[in-house]
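# Chains, contacts and geometry: an overview
Below are the chains, spelled out letter by letter.
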Amino acid sequence: MDQHLPAPRAVTVVQLPDGSYTYADATHLPAQQQVPQQIVQHIHQAPPDRTVQRIALGSGVGAGAVAAGVYFGPLLVAALTAIAANLAMLAFLAAVMAWGVVSVVKSVGGSDGKAASKRLRRH
């Protein structure tokens, strides 16, 4: 008995232009083209740091000058510190040598040495 039944048809539900739905034979429908789905992917990341730009714009200089200041600033401080340390060491050595010269002149020179050391101390 099953041999006398017609083959099942592909029936789909379609929406009519007036908004209502109806059954339609899929073989009589126009071919629908498959439109590739576009995927929009948003990658979230932290906004760029604009501190250097704000400093550069606020002071009226370019970002290159600000970057150079950031880079060479510590180098300048280190160089000035080294120069100050050298000058302090030289001043200390000069004071010690002057004290040594006065002491030697005072002890070796006799009365003339003592008079010369007094004159040196006044000036």
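Every value quoted in this text rests on a predicted model; they were computed, and no experiment measured them.

## As for the overall build of the protein
Helix and strand counts for the protein come out as 3 helices and 2 strands. When the helices and strands of the protein are placed in sequence order, the string is β-β-α-α-α. Across the 123 residues in the protein, those meeting the buried criterion constitute 5%. Summarising the internal contacts of the protein: among those between residues at least 6 apart in sequence, 0% fall at separations of at least 24. Accessible surface for the protein amounts to roughly 11500 Å². Of this, 64% is attributable to carbon and sulfur atoms.

## Considering the pairing of strand β1 (residues 11-15)
Taking burial as the measure, the 5 residues of β1 include 0 buried ones, a minor fraction of the element. Sheet topology places β1 next to strand β2 (residues 21-25); 5 bridges connect them, and they run antiparallel. The residue of β2 that forms the bridge with Val-14 is Thr-22. Linkage of β1 to β2, two consecutive antiparallel strands, is achieved through a turn of 5 residues, within which Gly-19 is found at a positive phi near 100 degrees.

## Notes on the environment of Asp-25
As for its placement among the helices and strands, Asp-25 is situated in strand β2. Judged by relative accessible area, which is 17%, Asp-25 ranks as buried. Sequence separation between Asp-25 and Thr-12 is 13 residues, and the spatial gap between their C-alpha atoms is 6.4 Å.

Procedures and definitions
- Residues numbered from 1 in each chain as written.
- Predicted model: local features only at pLDDT ≥ 70, side-chain atom pairs only at ≥ 80, totals over all residues.
- Heavy atoms only, no water.
- Helix = DSSP H or I, 4+ residues; strand = E, 2+ residues; numbered from the N terminus.
- Buried < 20%, exposed > 50% of the residue type's maximum accessible area, 1.4 Å probe, protein only.
- Contact = heavy atoms within 4.5 Å.
- Areas by Shrake-Rupley, 256 points an atom, 1.4 Å probe, with all protein chains shown as cover.
- Pairing = 2+ DSSP bridges.

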